[in-house]
Each structure stands twice: as structure tokens, then as C-alpha cells.
Amino acid sequence: MDYDEGFVEGDFVQAPGPSRGEYVAQITHTETSNDHIEANASVIGSYPDLPFRRGTEVKKADQRLVLETLSLPHEGVHIGTLRGFGTPLYLSVEKFMEKQVGVFGRTGSGKSYTAGVLTEELFEYEQPMVIVDPHGEYASLKIRPDGEASDYRVVEYADLEFNSAADRDLDLDSIDPLDLARPKQATVLNLRGVDTERQEEIVSTLLDALFLARKRDRIPETKVFLEEAHLFAPQRKNEPRSVIENIAKEGRKFGFTLALVSQRPSEIYPNIRAQLQAFIIHKLTDDTDISKIIKNAEGLDSSWGTQIQKLQTGEVLFVGDVIASPTFVEVRERRTKHHEGSEGMFQTSQHAQDATAVDDRQTELDEEVTAATVARLKEHINELEAERDRLRESLEQEQETNMSEQLAELETTVDEQREKIEDLHSKVRDREGSIEELEAQLENREQQLREQRKKIQQLRTERNALEGEASRSTPSQSENGEGDILDHPYVDRVLTRLQEELAALDKYERGMLEFFLYNESGSIEDAYFHAGGSPNSSQRYEKAETLIEKNFIRKRKRGEYVYALDDLIEDKLTDFTDQGNIDVAIDKIEGDLTTPAAG
């Protein structure tokens, strides 16, 4: 669009739509071209159905139209006024409390002043606050700019050896987290004079305890202001960083949120900075700080960097979930005294017109806080009781409504179960008949195996007798040259190895192998029964697997296995000697197999 007014980036303009109504746009970029100024603007809120007509007149937006477009409430957290309009800008208290907020700006830009404005606004809505105050500035909330007592209850914890005027000692052993987060009260953790390691311990311990108390619903919703946030949540890992990161990620769902205040946002741990949903940006001049903010703040791009650098003290760019579009705001004046940490630690006695009157007013306010705390507890109890009664009534209604349906379902289920029981009885009777038949088969198989054992024993006796007769009537193996092969080193190694493997077999494995030797083939169940085991034992397959792995038996077909030890010996010796010597070796090993094992 072309215009000849003194507009800058961030200003709001309005133009008639192509068909009806007025639309608000925000200037995002300006540049001079051919002796006139050109600007780019983005429409805020609803978009027209058709493009704007070329030559459409653009003018400064009406403030009422701007407020409607930004969807801002007419009351709430009052930060200041819209720049260029002077119209008060309010933010929803609920939205502000539930958002993780960043207040950033270089030293002297007014960020701590703005943080003070925010605390004053939350006081008006009785919201509990905890303020981490490394420089001893926030006790100034106790007095007004003219030195008179304010109407805000502030409880200052500090190292009493360094700051004897503080309200309470910053002693972790004596602090109750429930005392820190109370309605209508700001608790200031004054860390001035405390060494860095101790500061980190205090912040991590108390914030962790407070967050746990909130998750257990022991304290109300709370906003934590963290000054010098880059020191407690830096790029390097330190004790409080993990606690702060956990709050940044999980605190929103529990109503325990942060307001991070820092002049170096780029030095804050990125995982924490990425969790921020609202930004109050003061003047920044460091390019790294600006680029990090633009990266994390939704609605900003690099064109906003120049405007951020041009911000005056007391001016902020507000951007984030609580407002429809980045908006320049002039921060309102504080109702309480602003104190800079460079001036030294704030002391009420040095700035109040009457320090005693301030203390008296704080005592009165403490009574109000106590009353508000009690009222909040009673309200919470009432809410819990109401919820309990609602759940009880709902449960009773649900039980009554479902009772008849459940009874009908139960009756149907009983009938179905009766049919199933009758069916099961019939199956049991059938199974009992099958079991009797199987038991008869098993008895028959056992009888067969007993006969086979008897036959094997007879064969063994006959073989031994024949071997004795042969040894008396025929020349020795050594005489005809065959027995000498057993003394050969290679054969000796092979046979010794096989003898060791046979010796390593347990009685079931040895008995099963002996079964296959005499029967040539058979089932695993029969072999295991021959060895003295139960045919139905789950170990029968484990024993068989051992014999298969050693190549002592092999599978012929499904359910049938054959003896293979003789083939194994022949494979090992076939390239070394003739069949006659191989038979000698096989007889030697099989003789060892059929000889009862020692023990």
C-alpha cells in the first residue's frame, strides 16, 4: 500500500473491504521508493473473501476497531496504553496467570519496572506471587512513590546477617512452602549478599517444593517472577535449571507459572525459552538476543528487529498467546516505588516517610492475607464437598439406571452359563471315555516296551556269548592285522573323543541311544520310556535334542528317529582306513555304550 503519513512498523491501519466492512491491518515493513513510502501490512483477525481493490484508501485505524480486532478485554491486567492511541490495554488475568511469560530488555530499558507493574496488577486480583530477587529491589512494593505505605502485603525473606531489616530469615530448614504462596501476598526471596552456590540451592529447593505443593493442591495458583533468569537457567547445567525447566514444561497444567526477567534472553537455556507463550520485549541491541526472541516469539520475523532496537524506555512490544498480534504498548506508571539494584539494597527506613507506619500497615495487610487464605481454604473445601456430592449423586443415579439393565444381563448370562455347563459336562463325559481308551493304549505300549527290553537283554546275552566263543576260536585281531588300527594316534583321538561324549551323557540320554542301537528306529517317547522316563515328560525332547546335536541319532521322518553313531564313526574314518578297521572301531564304541556306566 502507498501512504504519506508518518506510519512505522507495528502501527495499525484500516481499509474498507472489497465488498463490505472495515478491516484492520498491521504494518510489518516500510521502505522509501521513488520519493514515496511503500509499506507491507498483514490483516489481523478475519480476512476478506476477495482481495482489496487497487487504490483502496488506507488510514490510521480507529482505536475501538483495533481493540475489537485484538480481542482484548475491557478489564484485567493493565500494563499500559496502546502506542499512538493512549487507550488502556488490558489482558485477561486468567490467561496471564496460565502463561509462561518472558520480560526481556537490555539494562536500563525498564524491564524490572514493568515486572513491578505486573506484580501490582496481580495484587489487585489477590493472586499469590513469589519473587526471586537477586539484587534486593522488590521490597519497594511496600511503599508508594511518595513514601507512604502501599496496600500490598510483601513478605521479604533474606539473610538476616546481611539484611537485618528483612521480615524473615532465608533459612531453608525453617521455611514452610505453604507460607510462601498465599492470596494477596508477594513473597520476596532477597538473595543479595548470598553467594552464588547458596543462591542456586535456595532457588532450586524452594521452587521445587512450591511446585510439588501446587501439584498436590496445597497452595493456590501462583506466579513466580524470576529476576536475572539467565543466571538461574543458563546454557550450562546447574542445580536450579532442571527445576525451572520442569516448571516451564509442566507448570501450566497445574497453575504454577513463570515470569522470566532478563537482559540476556539468548543466555537462557533454549528448552526453557522455547516454553514461553507470552513476551514483553523492551529495547534490545544485541543481535543474538534479538534473533533468539524472534525465533521463539510467534508472530515476529526479522523485520521486527529494527523496531525492537528503536524502542524507548517505557515502551514494550507485547506478543504471544494472550494477544492477537504483536502490539506496541507504553507501560503505565507504577503505583509503588521503583528501586534500581544499582542504588543498593532497598531499605524501607531509607525511603518511607514513616517506616513505623509502613510496618503497621503490613501487619494489617497480613491479617487480610490470613483471612483471605482461610476464605480460600473454605472455598476449596466447599468445592471439594460439592464435587463429592455431585459424584455421589451421579453414581447413585447411574447405579439406579443401570440396575435393571444389569439384572436382565445377569439373567441372560446365567442362562448362557447353564447351557455352557451342560455342554462342558457332555464334553467331560466324552473326555473320560477318551482317557480310558488312552490309558488302555498306554498300558499296551508299556507291555510292548517291557517285552522289547526283555528281548534286548536276551540279545545282549547272546552277543556276549558269541563274542566269547569267537575270541576262543579265531585269531586275535592283532594277529590278522585289524586290531592294530585302534592304536593309531588319529583313530585313538577320534575314539577317545567319542568315548568322552558318551561318558558325558546322563542315564536318560545313554538309555535312549541304546534303544536306537538295538531297534534301529523308533519314537522319542518309546526311547525315553526305555531309558526309564515317562513318555509324557517334557524332558524327552531336550534329551533327544542332545543326541541329535551330537549326530548320535537323526530324524528319518515325522515322529521317527534312527541310530546314527555308526555312520558318524564311518564318516570320520572312511578316508583313513578300510571298512574292516572301521567295523572294529564301531564295535569298540558300541561295546562301551552297552557296558553299564560307572556309578
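So, here is what we can say about the structure in this document. Numbers given for residues are sequential positions, taken from 1 along each chain in its written order. Under the rules for a predicted model, residues below a pLDDT of 70 receive no local features and side-chain atom pairs below 80 are neither given nor counted, while totals for whole chains, interfaces and linings still include all residues. Hydrogen atoms and water are omitted, and side-chain values are computed over all heavy atoms in the structure.

**Topic: empty space enclosed by the protein**
Put simply, the rule reads: Each cavity reported here is a set of points on a 1 Å grid over the protein atoms alone in which a 1.4 Å probe fits but cannot get out, each pocket an open set with protein on both sides within 12 Å along at least five of seven lines, and each lining residue one with an atom within 4 Å of a point. Grid points are joined across faces, edges and corners, and a volume is the space filled by probe spheres set on the points. Side-chain classes follow a simple rule in which Ala, Val, Leu, Ile, Met, Phe, Trp, Tyr, Cys and Pro form the nonpolar group, Asp, Glu, Lys and Arg form the charged group, and the remainder, Gly included, forms the polar group.
With the rule as written, the count across this model stands at one cavity of 30 Å³ or more. Counted as a void, the largest cavity has a volume near 40 Å³. As for the largest cavity, its lining consists of Ser112, Glu137, Tyr138, Ser140, Arg334, His338 and His339. Here the residues of the lining of the largest cavity sort into one nonpolar, four polar and two charged.

**Structural notes on the pairing of strand β17 (residues 327–331)**
For the record, the criterion: For each residue, the accessible area found with a 1.4 Å probe, counting protein chains only, is set against the maximum for its type, and the residue is called buried under 20%, exposed over 50%, and partly exposed in between. Secondary structure counts use DSSP, requiring at least four H or I residues in a row for a helix and at least two E residues in a row for a strand, with both numbered from the N terminus. Strand pairing is defined by DSSP finding a minimum of two bridges between the two strands.
Within β17, four of the five residues are buried, which leaves the element mostly enclosed by the surrounding structure. Judged from the three bridges that link them, strand β6 (residues 77–82) and β17 form a sheet pairing that is antiparallel. By the bridge assignment for β17, glycine 80 is matched with valine 331. Where strand β16 (residues 315–320) lies against β17, four bridges are found, and the strand directions are antiparallel. For leucine 317, the partnering residue across the bridge sits in β17 and is phenylalanine 328.

**What to know about the environment of asparagine 519**
Where we set the bar: Counting of polar contacts relies on pairs of N or O atoms within 3.5 Å, with two restrictions inside protein: one atom must be capable of donating a hydrogen and the other of accepting it, and residues adjacent in sequence are counted only when both atoms are side-chain atoms.
Relative to the assigned elements, asparagine 519 resides in helix α15 (residues 507–519). Taking relative accessible area as the criterion, asparagine 519 reaches 23% and is therefore assigned partly exposed. The spatial distance from the C-alpha of asparagine 519 to the C-alpha of proline 326 is 94 Å, given a sequence separation of 193 residues. Among the polar contacts made by the side chain of asparagine 519, one reaches the main-chain carbonyl oxygen of phenylalanine 515 at a distance of 2.8 Å.

**Focus on the sheet that holds strand β20 (residues 560–563)**
Spatially, the three strands line up as an open sheet ordered β18-β20-β19, and their pairing is antiparallel. A strand with exactly one partner marks an edge of an open sheet, and here the two such strands are β18 (521–522) and β19 (553–557). Pairing analysis gives two bridges linking β18 to β20, with the strands arranged antiparallel. Within β20, the residue paired with glycine 522 across the bridge is tyrosine 561.

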